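Spelled out from the first residue to the last, the chains are:
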Amino acid sequence: MTAFDLVIRNGIVFDGSGRPPRVADVGVRDGVVAEISTTALDTEGVDTVIDADGRWVVPGFVDIHTHYDAEMLVSPALTESVRHGVTTAIIGNCSLTTILASNVDCADIFSRVEAVPREAVIRVLDEHRTWSTPTEYAKAIDELDLGLNIATFLGQSDLRVHVMGMDRAVDERARPTDAELEQMTALLEEALDAGFLGLSSTTNWIDKLDGDLYRSRSLPSTFVRGKEFRALNKVLRRRGRILQSTPRISLTPNIGKFFLAAGSRFKRGTLKVSLLAAADSKAYPPLIYFMLYSAPVLNRLLKGDFRWQHLPVPFTVYADGIDLVVFEEFGSGAAALDIKDQIERNELLRSRDYRRWFRRDYENKLSPKIWHRNLFDAVVVECPDHTLIAKSFGQIGTERGIHPVDAFLDLVVEYGRDIRWRTTIANDRPKYLDKLAANSGVHMGFGDAGAHLRNMAFYNYHLRLLERVRSAQGARKPFLTIERAVHRLTAELADWFGIDAGHLRPGDRADIAVIDPARLDQNVHGLGEQEMPEYGGLRRMVNRDNGAVSATIVNGRVVYRDGEFAEGLGRTWGPGRFLPAATTVRGARESAREGRG
């Protein structure tokens, strides 16, 4: 047998199964793990040798909830994930894809809800789009110089706009005709044939359209009703694929509908359902008990396969002025965001009647909410007036003798987007974070990489969870073993979503992260900013750890090592591939060989 292409020497190898690790060498050949040996492998003639003494060698992380759909076209290296050991990312979440509808319509459904510049999305699609069908899209992804592997959903808003037109797709009274419903199911079938994971949706009415013609209408998938819902789910159930969605935040929640859809007790076949969750909500602290126990209990009672998507770190968000999606959830906040022009918006914010309206919404204890609406728990982090930094809006209001709402609106009018503040919406209680991290009804995910560029950065939540697990063990208060945590971030996710990833065994595609446990310290929780030339110089929030990941390997190729990305990654080459659902090891080997060709 020929020499290995890559050998990782003397690492602490976790295979992703949850079994204890072992010290071993890993040999890679033709993009596949060829051998894992507790005795030293011969490195003569080997192209690349990585010394992993004292380091963890784990399957590359799987990020199940990203919005890289536009960014991957213009910057396919996707370095903000690669630097943190992510080797597989799932796009097309929350009903949002850029596959079927026109470029402008795709930008309108995508840009406001994900806080990405609309003009940039249109420009990227105009310059890079070569597809008009799901089959062509899968081929186009596979031909990109990707830094990591990509799997995707078909977005229901995209699908609905393409079939019904935007005008009818966002009309409460409109329903798809029988012919349109047949076209929808045919397109979904085509997407599943092409290897898509399933269908993504959202039923959360606060997710709004951008653009001019239909600005501030809720996303098209929020208008889906029973017959359409059942017809598409029937396809997913028959094909064994996934429905990914977001529940409705209202006084009439629809979570029960998703539980029933996932169950097989009253239907032929189980539907896999993956639902977003701000799990330990500050707005409703007792909700944690529902999050902990509902999925395991109802899966057992209904014979279902339902999972929550949970961010396993504090859900802290940042805002420039009033530009934050949580303001969409109440009337006065949405009214301000509906106005693009800053001068016109400021006129509204100064209005006495508007302020009364905002204050009523702020103080309403009965309205459903994601944000806790406590301006004493909203702290200024940047402002031209440096005396305000580190103070909450509530504290500023107290010092000025005015209501917190007036203090907030005064400062937004005065400074606009130049006043930056933060608050934690959920997951602030370590006790419950620990419980959720070990819960069988919860998946580790919901990082939103590639979206909300100025609002949050969770590109490295995998490392942050590992740091918490390691610290808890050091304090003799363990809530997970390291091997179990690695399993939850890799194989558990890949197996449930039906993609060939997350394992580190002979015959598996060589997607690997090498981690220095000594660097899993408080630095992994830090934040920074980085300019994005592809989005007009926008400065997005990023995580930049201090070297916790020593190397990231995708399809057997080293893409990141010791703080440096491989030369030309994303510009002249890239080992990442489109990962179809339920792919085989043979398919992985063929894909890896093609990547080396």
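Residues numbered from 1 in each chain as written. Predicted model: local features only at pLDDT ≥ 70, side-chain atom pairs only at ≥ 80, totals over all residues. Heavy atoms only, no water.

For the protein, the count of helices and strands is 21 helices and 23 strands. Over its C-alpha atoms the protein spans a radius of gyration of 24 Å, differing by no more than 12% from the 25 Å that the globule rule assigns to 597 residues. With 597 residues in all, the protein has 61% of them scored as buried. Taking the intrachain contacts of the protein between residues at least 6 apart in sequence as the baseline, contacts between residues at least 24 apart amount to 76%. When the accessible surface of the protein is totalled, it reaches about 22500 Å², and 49% of it is carbon and sulfur. Charged side chains in the protein number 77 positive and 80 negative. The centres of these two groups are separated by 7 Å. (Helix = DSSP H or I, 4+ residues; strand = E, 2+ residues; numbered from the N terminus. Rg over C-alpha atoms; globule rule 2.2 N^0.38 Å. Buried < 20%, exposed > 50% of the residue type's maximum accessible area, 1.4 Å probe, protein only. Contact = heavy atoms within 4.5 Å. Areas by Shrake-Rupley, 256 points an atom, 1.4 Å probe, with all protein chains shown as cover. Lys, Arg positive; Asp, Glu negative; His and termini not counted. Charge placed at Lys NZ, Arg CZ, Asp CG, Glu CD.)

Another aspect to go through is the packing of helix H13 (residues 342-350) against helix H14 (residues 352-363). One can describe the packing of H13 onto H14 by two numbers: an axis separation of 5 Å at closest approach and a directional angle of 75 degrees. Taken together, H13 and H14 sit at an angle that is classed as roughly perpendicular. Contacts between H13 and H14 involve Leu 348, Leu 349 and Arg 350 on the former and, on the latter, Arg 352, Tyr 354 and Arg 355. (Axes fitted to C-alpha atoms, helices over the stretch in contact; angles between N-to-C directions. Parallel < 35°, antiparallel > 145°, perpendicular 65-115°, else oblique.)

This part takes up the sheet that holds strand S7 (residues 86-91). Reading across the sheet, the three strands line up as S6-S7-S8 and stay open at both edges, with parallel pairing between neighbours. The sheet is open, and its two borders are formed by strand S6 (61-63) and strand S8 (149-152), each paired with just one other strand. Direction aside, neighbouring strands of the sheet carry axes that sit 20 degrees apart on average. Bridge count between S7 and S8: four bridges; the pairing is parallel. By the bridge assignment for S8, Ile 90 is matched with Ala 151. Relative to S6, helix H18 (residues 461-474) is tilted by about 125 degrees, and along the sheet it contacts S6 and S7. (Pairing = 2+ DSSP bridges.)

Before going further, it helps to examine empty space enclosed by the protein. It is the rolling of a water-molecule-sized probe over the atoms that shows where space remains empty. Going through the model one piece at a time under the given rule, you end up with two cavities of 30 Å³ or more. Computed from the structure, the largest cavity encloses a volume of approximately 70 Å³. Every residue along the wall of the largest cavity is listed here: Asp 500, Ala 501, Gly 502, His 503, Arg 505, Asp 508, Arg 509 and Asp 511. Its volume calculated, the second largest cavity comes out at about 40 Å³. Lining the second largest cavity, in full, are Asp 320, Gly 321, Ile 322, Asp 323, Gln 342, Arg 345, Val 412, Gly 416 and Arg 417. (1 Å grid on protein atoms, 1.4 Å probe; cavity = no way out; pocket = protein on both sides within 12 Å on 5 of 7 lines; lining within 4 Å. Points joined across faces, edges and corners; volume = space filled by probe spheres on them.)

Judged from the five bridges that link them, strand S19 (residues 528-532) and strand S20 (residues 538-542) form a sheet pairing that is antiparallel. Residue pairing in the sheet places Glu 531 in a bridge with Arg 539 of S20. Hairpin geometry of S19 and S20 is characterised by an intervening segment of five residues between the two adjacent antiparallel strands and by a positive phi of about 70 degrees at Gly 536.

The next thing to look at is the UniProt feature "domain: Amidohydrolase" (unreviewed entry) in the protein. In the numbering adopted here, UniProt assigns the feature "domain: Amidohydrolase" (unreviewed entry) to residues 49-203. End C-alpha atoms of residues 49-203 are separated by 49 Å, and the span's content is 45% helix alongside 16% strand. (UniProt positions renumbered as here; feature names shortened; annotations may be inferred.)

Looking at where Val 442 falls in the secondary structure, it is placed in strand S17 (residues 442-444). Here Val 442 falls in the buried class, since its relative accessible area comes to 1%. Distance from Val 442 to Ala 277, taken between C-alpha atoms, is 9.4 Å for residues 165 residues apart in sequence. The residues contacting Val 442, other than those within four sequence positions of it, are Met 291, Arg 307, Trp 308, His 310, Leu 436, Arg 488 and Glu 492.

Overall, antiparallel pairing links the three strands, which are arranged S14-S16-S15 in an open sheet. Of all strands in the sheet, those with a lone pairing partner are strand S14 (315-320) and strand S15 (379-382), marking the two edges. Adjacent strand axes in the sheet meet at a mean angle of 35 degrees when their direction is disregarded. Sheet analysis places S14 next to strand S16 (residues 420-426), joined by six bridges and oriented antiparallel.

On inspection of all chains with the given rule, the structure shows 46 salt bridges. Linking Asp 320 and Arg 417 is a salt bridge whose minimum nitrogen-to-oxygen distance equals 3.5 Å. Of this pair, Asp 320 sits in strand S14 while Arg 417 sits in the loop between helix H16 (404-415) and S16, placing them 97 residues apart in sequence. Each of Asp 320, Asp 323, Arg 345, Arg 417, Arg 420, Arg 454, Glu 529 and Arg 539 takes part in a single network of salt bridges with overlapping partners. (Salt bridge = Lys/Arg side-chain N within 4 Å of Asp/Glu carboxyl O.)

Within strand S21 (residues 549-554), six of the six residues are buried, which leaves it mostly tucked inside the rest of the structure. In this sheet, strand S22 (residues 557-561) lies alongside S21 in antiparallel orientation, the contact comprising four bridges. For Ala 551, the partnering residue across the bridge sits in S22 and is Arg 561. Between S21 and the antiparallel strand that follows it, S22, lie two residues; Asn 555 among them carries a positive phi value of about 50 degrees.

Take the packing of aromatic side chains next. Under the defined criterion, the tally for this structure stands at 29 aromatic pairs. Aromatic side chains Tyr 354 and Trp 357 sit 5.9 Å apart centroid to centroid with 80 degrees between the ring planes, which places their arrangement in the edge-to-face category. Separated by three residues within a single helix, Tyr 354 and Trp 357 lie in helix H14, roughly one turn from each other. The exposure class of Tyr 354 is buried, given its relative accessible area of 3%. You can call Trp 357 partly exposed: its relative accessible area is 31%. Relative to Phe 408, the ring of Phe 358 lies with its centre 6.3 Å away and its plane at 35 degrees, an arrangement referred to as tilted. Of this pair, Phe 358 sits in helix H14 while Phe 408 sits in helix H16, and the two are 50 residues apart along the sequence. (Phe/Tyr/Trp six-rings, centres within 6.5 Å; stacked < 30°, edge-to-face > 60°.)

It is worth spelling out the state of the cysteines at this point. Evaluated as defined, the whole model comprises zero disulfides. With no disulfide partner, Cys 94 has as its closest neighbouring cysteine sulfur the one in Cys 106, 15 Å distant. (Disulfide = S-S within 2.5 Å.)

Time to look at unusual backbone geometry. At Ser 95, a residue that is not glycine, the phi angle is positive and equals roughly 80 degrees. Mapped onto the secondary structure, Ser 95 falls in the loop between S7 and helix H3 (103-114). Although it is not a glycine, Asn 555 sits at a positive phi angle of roughly 50 degrees. Take Asn 555: it is sitting in the loop between S21 and S22. Residue classification places Asn 555 among the buried residues on the basis of a relative accessible area of 3%.

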